[in-house]
Amino acid sequence: MKEWRIFERLVALLTSDEYYDSFTVIPNARIKGHISQRKRQIDVLVDYRYNTDLSKRIIIDAKNRSRPVDIKEVEAFEGLMKDVGAQRGFIVCSNGYTKAAGRRAQDHIGIRLISPEQIEYFDLNSWDKCRNLSCIDGLVLWDATPGIIVEGTVVVQSTGKCDECGKFHVWCWGCGNRNALGKEDEWQCACKGPWFWLTSIEPEGQQNEEQREGNYLILVMGNGTYEIIDRRPM
Ligand SMILES: [Zn+2]
Ligand SMILES: [Zn+2]
């Protein structure tokens, strides 16, 4: 695997250690910029997990370079933040940054360093291969472990997203089944319990006179109740 890809995945993992519960961490996200009107690639996107409020949107750029990050890169990153409506951003780099870049970053852009040792000892073996058969190199970042309570017992599930195709993944710890779900899909694991998983595309209100949509991962219980477990903006 290419080193920059390992670096991006390390940054995604460190981000998911820091942001959880009400936050979703989306590795290698692609969302439409409302200024550029184009799909923008974002190394790591942090958004609210359950609602469409953009006030806490954070984007992270992983720069695995042999030279320090410079002022131009900070400015380009600030442009990306504006385009996708991020209030805060972090540049994570492996070889430091120039003084001017540090000053230019000001308060709303953080610059963080990752040491070569952290990269060297980062173990990707704990990451699962994407279950989508047409996805070649994708790995799943598991970033939530919701529990389902059935007759007083908890059946733990892990949920996450592939960092190539973006598909939601569900892993049932009860039966061991793992599956990738399409954008509008449903799935029940081998437990055949009183629940199933559903994905859907939902409107997320307007941003600059433009309709936004999100993809939702929903847990549906046999009694008809449901819970949003994850979302990713589209
Ligand atoms: Zn995939
Ligand atoms: Zn199961």
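All values reported here derive from a predicted model rather than from experimental measurement.

*Asks:* Please give an account of the pattern of salt bridges that cites residues and values.
*Replies:* For the coordinates displayed, the defined rule picks out 20 salt bridges. The shortest N-O distance in the salt bridge between Arg-49 and Asp-143 comes to 3.1 Å. Within this pair, whereas Arg-49 is found in the loop between strand 2 (39-48) and strand 3 (58-63), its partner Asp-143 is found in strand 7 (residues 139-144), the two being separated by 94 residues in sequence. Overall, the relative accessible area of 2% leaves Arg-49 in the buried class. Note that Arg-178 is salt-bridged to Asp-128, the shortest N-O span being 2.4 Å. Remark: Asp-128 occurs in strand 6 (residues 128-129) and Arg-178 occurs in strand 11 (residues 178-181); sequence separation between them is 50 residues. Taken together, the salt bridges that share partners define one network made up of Arg-5, Glu-8, Arg-9, Asp-163 and Glu-164.

*Asks:* Account for empty space enclosed by the protein, naming residues and giving values.
*Replies:* Scanning all chains against the criterion turns up 1 cavity of 30 Å³ or more. Counted as a void, the largest cavity has a volume near 30 Å³. Every residue lining the largest cavity is listed: Arg-5, Glu-8, Arg-9, Ala-12, Pro-27, Asn-28, Asp-43 and Asp-163. Elements that contribute at least two residues to the lining of the largest cavity include exactly helix 1 (3-18) and strand 1 (23-32). Per-element tally for the lining of the largest cavity: the top contributor is helix 1, with 4 residues. Its residues assigned to classes, the lining of the largest cavity shows 2 nonpolar, 1 polar and 5 charged.

How each quantity is defined
Residues numbered from 1 in each chain as written. Chains lettered and ligands numbered in written order. Predicted model: local features only at pLDDT ≥ 70, side-chain atom pairs only at ≥ 80, totals over all residues. Heavy atoms only, no water. Salt bridge = Lys/Arg side-chain N within 4 Å of Asp/Glu carboxyl O. Helix = DSSP H or I, 4+ residues; strand = E, 2+ residues; numbered from the N terminus. Buried < 20%, exposed > 50% of the residue type's maximum accessible area, 1.4 Å probe, protein only. 1 Å grid on protein atoms, 1.4 Å probe; cavity = no way out; pocket = protein on both sides within 12 Å on 5 of 7 lines; lining within 4 Å. Points joined across faces, edges and corners; volume = space filled by probe spheres on them. Nonpolar A, V, L, I, M, F, W, Y, C, P; charged D, E, K, R; others polar.

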